[in-house]
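One-letter residues, chain by chain:
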Amino acid sequence: MPHPDNPYARLPSVDSLLAHPDMAGLKERYGHTAVVAAVRAELAERREALKAQADSAPDTERLAADCRRRLEAEFAPSLRPVFNLTGTVLHTNLGRALLAESAAEAVLAVLTRPSSLEYDLAGARRGDRDDHIDGLIRQLTGAEAATVVNNNAAAVFLLLNTLAMRKEVIVSRGELIEIGGAFRIPDIMSRAGAKLREVGTTNRTHLKDYVEALNPRTALIMKVHRSNYAIEGFTATVPEEQLAELAHKNGLPFVEDLGSGTLIDLSVHGLPKEPTPQQALAKGTDLVCFSGDKLLGGPQAGILVGRKDLIGKIKRNPLKRVLRVDKMTLAALEATLRLYRSPELLSRRLPTLRLLTRTEAEIRTLAQRILPKAQAALNAHAEVTVESCRSQIGSGSLPADRLPSACLVLKPKGRGGGRALDHLAQAFRELPIPVIGRLEDGALRFDLRCLEDEAGFIDQLGLLRL
Ligand SMILES: *Cc1c(COP(=O)(O)O)cnc(C)c1O
């Protein structure tokens, strides 16, 4: 028998805690095994705490409530929706493009039922999963053929591995880019088994640089879109047409990694121009690859378009099987591409374009509507104002261009400086739908360009734990 003065002897047993009336509901929800494990873990933790400090043991009621909280925390998803108020629309760390409603519905439709993924319904025989998007991409880009892989990094890798294994690829030194998250052209090149042949300088590369680098081991001439930086001043690059001509004269393909690669002329929507795959193909590029979840506004994917014979080779590479996309991606991509068939409706239906084309006036009106509610919620803790700001497109698209927008600026009241600011930012991250902003100049800034669920944002302000 434990000593009666020993405080942790007064903790209930596992069985008596499991007999608490709340436990039936928890078992229904989480299952017997998880509930027993939570009860044991809770009691073990309490026992340790009581050993360290001779407090009185909590009653069963309190322990049952703690077990419930423990289970809720354990079963809460780690990957969760958030409010992206960072001011970067295509934020890689926050999941890049948001799918259009029709794309989300298409994903849902194939998730819990069998689908025609690799089945040709007309001929009742085996089909090719690329067939679901091949026609659409060909129509939209004018390419002879297309295929899709896991992401654009995979597209670049597969292209190089298929067409340049143990051979040389000529790339300008001004295009040896690193994209956030460990995508570096030289590294991908060597892992793909190709040898990088750098030409020119960081700011200037001329046609003769390419000509001089050509040799019998050359497999490709490659151009890489400088997605996330700009070179200005004394610069020179060789136009695609000339590189294509040089490659073709030497019996070689000319390929281009476009990075973002939108399918439309963004200037029609008042946005800065970004090269399109159709333009690249028209200039003689034999193969073009680009991302699915950047400006295209679809799921994570890498899309390769171009000459039929080259796409055919890529599809026959055994690594295509390694890098292939699943049915969710294909469903989302097909639905996204279909939206491009109705270009005049695109800025309404495609979230990426919808967010990018919101005007400052529209965003400011939204900010003014939210302002009094935010002021009331933060009353004693922070001063809230509305300011102009500039949003970024993100994901390496159009790095030099910024879109005029409006933001809520939260400045902690009183002293506490950086700590108070961190505390404020943390309180927003701890909300049921975490709110992610930007810390800048001693303030927490929420760029409202990407806020569409206004009511959802306002509703949880009352839950802030400041
Ligand atoms: C973004 C980007 C990539 C990588 O694309 P992911 O789809 O993120 O894999 C490759 N090349 C360029 C030029 C890019 O901008």
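Higher on the page you've got the structure.
Residues numbered from 1 in each chain as written. Predicted model: local features only at pLDDT ≥ 70, side-chain atom pairs only at ≥ 80, totals over all residues. Heavy atoms only, no water.

Novice: Which parts of the structure should I look at to understand unusual backbone geometry?
Specialist: Comment: phi is negative for the bulk of residues other than glycine, and the bulk of peptide bonds are trans. A positive phi angle, near 60°, is found at Arg166, a position not held by glycine. Within the element layout of this structure, Arg166 appears in the loop between helix 7 (152-164) and strand 6 (168-172). The exposure class assigned to Arg166 is exposed, which follows from its relative accessible area of 71%. (Helix = DSSP H or I, 4+ residues; strand = E, 2+ residues; numbered from the N terminus. Buried < 20%, exposed > 50% of the residue type's maximum accessible area, 1.4 Å probe, protein only.)

Novice: Whenever I open this one, helix 5 (residues 101-111) confuses me. Can you help?
Specialist: An α-helical turn contains 3.6 residues, so a residue and the one three or four places further along point in the same direction. Those residues of helix 5 not exposed but buried are Ala103, Val107 and Val110. Across the axial projection of helix 5, the buried residues extend over an arc of 75°, all falling on one side. Turned more than 90 degrees away from the buried face of helix 5 sit Glu101, Glu105 and Leu108, all of them exposed. Buried residues in helix 5 make contact with helix 14 (327-339). (Arc of directions from axis to C-beta. Contact = heavy atoms within 4.5 Å.)

Novice: How do you make sense of empty space enclosed by the protein when you look at a structure like this?
Specialist: Where empty space is left can be seen by rolling a probe of water-molecule size over the atoms. Here the structure, examined in full by the defined rule, presents one cavity of 30 Å³ or more. Lining the largest cavity we find Thr262, Ile264, Leu266, Leu295, Tyr340, Leu350, Thr352 and Leu353. Of the residues in the lining of the largest cavity, the class split is six nonpolar, two polar and no charged. (1 Å grid on protein atoms, 1.4 Å probe; cavity = no way out; pocket = protein on both sides within 12 Å on 5 of 7 lines; lining within 4 Å. Points joined across faces, edges and corners; volume = space filled by probe spheres on them. Nonpolar A, V, L, I, M, F, W, Y, C, P; charged D, E, K, R; others polar.)

Novice: Even after reading the chapter, I still don't get the side chain of Arg445, so can you show me in this structure?
Specialist: Within the element layout of this structure, Arg445 appears in strand 18 (residues 443-447). Within the local environment of Arg445, its side chain forms a polar contact with the side chain of Glu387, the two groups lying 3.2 Å apart. In this view, Arg445 contacts Leu85, Glu387, Cys407, Leu408, Val409, Gly437, Arg438 and Glu440; residues no more than four positions away in its chain are not counted. (Polar contact = N/O pair within 3.5 Å; in protein donor to acceptor, adjacent residues only side chain to side chain.)

Novice: Sorry if this is basic, but what is going on with the layout of surface pockets here?
Specialist: Roughly 680 Å³ of internal volume is contained in the largest pocket. Lining the largest pocket are 31 residues, with Gly95, Arg96, Ala97, Asp293 and Gln300 sitting closest to its centre. Secondary structure elements with two or more residues in the lining of the largest pocket: helix 5, helix 7, strand 11 (254-259) and helix 16 (351-356). In terms of residue class, the lining of the largest pocket is built from 12 nonpolar, 11 polar and eight charged. Considered as a void within the structure, the second largest pocket measures approximately 490 Å³ in volume. In this structure, the second largest pocket is lined by 18 residues; those nearest its centre are Pro81, Val82, Asn84, Leu94 and Leu98. Taken together, the residues of the lining of the second largest pocket sort by class into 11 nonpolar, three polar and four charged.

Novice: Just to check I follow, could you spell out the environment of Pro275 for this structure?
Specialist: Position of Pro275 among the secondary structure elements: in the loop between strand 11 and helix 11 (277-282). With relative accessibility at 25%, the residue Pro275 sits in the partly exposed group. Remark: the alpha-carbon pair of Pro275 and Gln139, spanning 136 residues in sequence, is separated by 18 Å. Residues within four places of Pro275 in sequence aside, it is in contact with His225, Leu258, Gly261 and Thr262.

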